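Below are the chains, spelled out letter by letter.
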Amino acid sequence: MYRLAFSAVFAISLSLGAAGQSWAEEDIGWTGEASLNGSKTTGNNDTTVLGFATKLENRGSDWRHSAKISADYGKNQGETNKRRYRLGYKIGRDFAPAVYGYANADYFNDAFGAYKSGYFAGGGVGYSVIVDDPTQWQIESGAGYRSQKARLAPNNPLGVPSMNEDFLSARLYSDFEHAFSDQVTFSNDTEVLYSEQDTFLVNEAGITSDLFDKFAVRASFRLETHSDVPEGREKTDTISRVGIVYKMN
């Protein structure tokens with residue numbers, strides 16, 4: 001049933017896009033950025049945190065593509081306490097001046113989170129609410145198939161370290177960006193995967209300030225929270241980052 005529902009959503013999204021006309025005014029081509037952030041504290045609390053992320057986007061006359069990769073690694077008092085990475089890809093096609101269909105897939109692996117690993121694959125419809133500078137805002141709504149491996153407590157009655165959970169989820173997404181000036185930009189991305197078993201919310205907000213040439217500095221805050229986690233696990237994880245961004249466009 002899960003696979004059938006996902007296949008239907010995926011097929012509808014692509015068929016809507018294929019039936020549409022070419023609405024894009026120009027072929028923008030590939031753009032992107034790569035960022036590196038980290039921190040080091042010594043003394044009573046010896047902590048090292050490193051993070052890397054890259055984002056690529058392509059906007060053609062008909063199709064749009066985006067890919068994201070991020071990784072975070074941390075040590076406290078010589079012991080690794082953070083190791084996770086995320087992969088994401090999205091393909092879309094315009095079929096009206098402000099409306100597009102899309103299909104997306106995301107994967108994560110977290111060595112210390114409430115869930116060890118998981119993925120989401122689905123599709124839906126997006127709408128460009130604001131497209132005029134200095135503000136850009138897009139929202140998306142869809143559904144898909146979700147799978148995640150819960151990290152269980154050592155004394156759980158099942159006697160196993162982890163357990164797979166598979167279910168359908170509705171998806172809502174908001175991508176907002178506002179340029180205060182030619183040098184300073186605010187961004188806020190929010191994603192909600194809703195289901196009766198577990199609702200997952202992610203929000204990441206950041207301020208980017210240009211330095212020189214293609215380099216910028218960014219400060220960001222990311223929040224991830226689950227409505228339901230295994231016993232003994234925290235529902236919410238946060239991470240604050242300050243780092244250097246290299247813009248490839």
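Look above for the structure.
These figures come from a predicted structure and were not determined experimentally. (Residues numbered from 1 in each chain as written. Predicted model: local features only at pLDDT ≥ 70, side-chain atom pairs only at ≥ 80, totals over all residues. Heavy atoms only, no water.)

Draft legend 1. The overall build of the protein, seen in detail. Looking only at helices and strands, one finds 1 helix and 12 strands in the protein. Burial status across the protein gives 34% buried among its 249 residues. Summarising the internal contacts of the protein: among those between residues at least 6 apart in sequence, 51% fall at separations of at least 24. For the protein, the computed accessible surface area is about 14100 Å², with 57% contributed by carbon and sulfur atoms. (Helix = DSSP H or I, 4+ residues; strand = E, 2+ residues; numbered from the N terminus. Buried < 20%, exposed > 50% of the residue type's maximum accessible area, 1.4 Å probe, protein only. Contact = heavy atoms within 4.5 Å. Areas by Shrake-Rupley, 256 points an atom, 1.4 Å probe, with all protein chains shown as cover.)

Draft legend 2. The arrangement of the sheet that holds strand β2 (residues 47–59) in detail. Taken in spatial order, the 12 strands close into a barrel running β1-β2-β3-β4-β5-β6-β7-β8-β9-β10-β11-β12, and their pairing is antiparallel. Ignoring strand direction, the axes of neighbouring strands in this sheet form an average angle of 20 degrees. (Pairing = 2+ DSSP bridges. Axes fitted to C-alpha atoms, helices over the stretch in contact; angles between N-to-C directions.)

Draft legend 3. Inspection of the packing of aromatic side chains at higher detail. A complete count under the given rule lists 6 aromatic pairs for this structure. Seen in terms of ring centroids, Tyr85 and Tyr107 are 6.3 Å apart; in terms of plane orientation they differ by 45 degrees. Their pairing is tilted. One end of the pair, Tyr85, is in strand β4 (residues 79–94); the other, Tyr107, is in strand β5 (residues 99–110), with 22 residues separating them in the sequence. One aromatic cluster in this structure is built from Trp137, Phe176 and Phe186. Residue placement shows Arg64 over the ring face of Tyr100; its charged tip is 3.9 Å from the ring centre. Directly above the ring of Tyr102 sits Lys90, whose terminal nitrogen or CZ lies 5.8 Å from the centroid. (Phe/Tyr/Trp six-rings, centres within 6.5 Å; stacked < 30°, edge-to-face > 60°. Lys NZ or Arg CZ within 6 Å of the ring centre and 35° of its normal.)

Draft legend 4. The pattern of salt bridges, seen in detail. Taken as a whole and assessed by the stated rule, the structure comprises 17 salt bridges. For Asp94, the salt bridge identified is with Arg64, shortest N-O distance 2.8 Å. With a gap of 30 residues between them, Asp94 in strand β4 and Arg64 in strand β3 (residues 63–76) connect regions that are remote in the sequence. Here Asp94 and Arg64 have matching classes, each one buried. For Arg86, the salt bridge goes to Glu224, with nearest N and O atoms at 3.0 Å. You can see Arg86 sitting in strand β4 and its partner Glu224 sitting in strand β11 (residues 215–226), a full 138 residues away along the chain. Assessed through its relative accessible area of 21%, Arg86 is described here as partly exposed. Among the residues examined, Glu224 registers a relative accessible area of 6% and is labelled buried. (Salt bridge = Lys/Arg side-chain N within 4 Å of Asp/Glu carboxyl O.)

Spatial relationships are all this shows, so hold off on functional conclusions.
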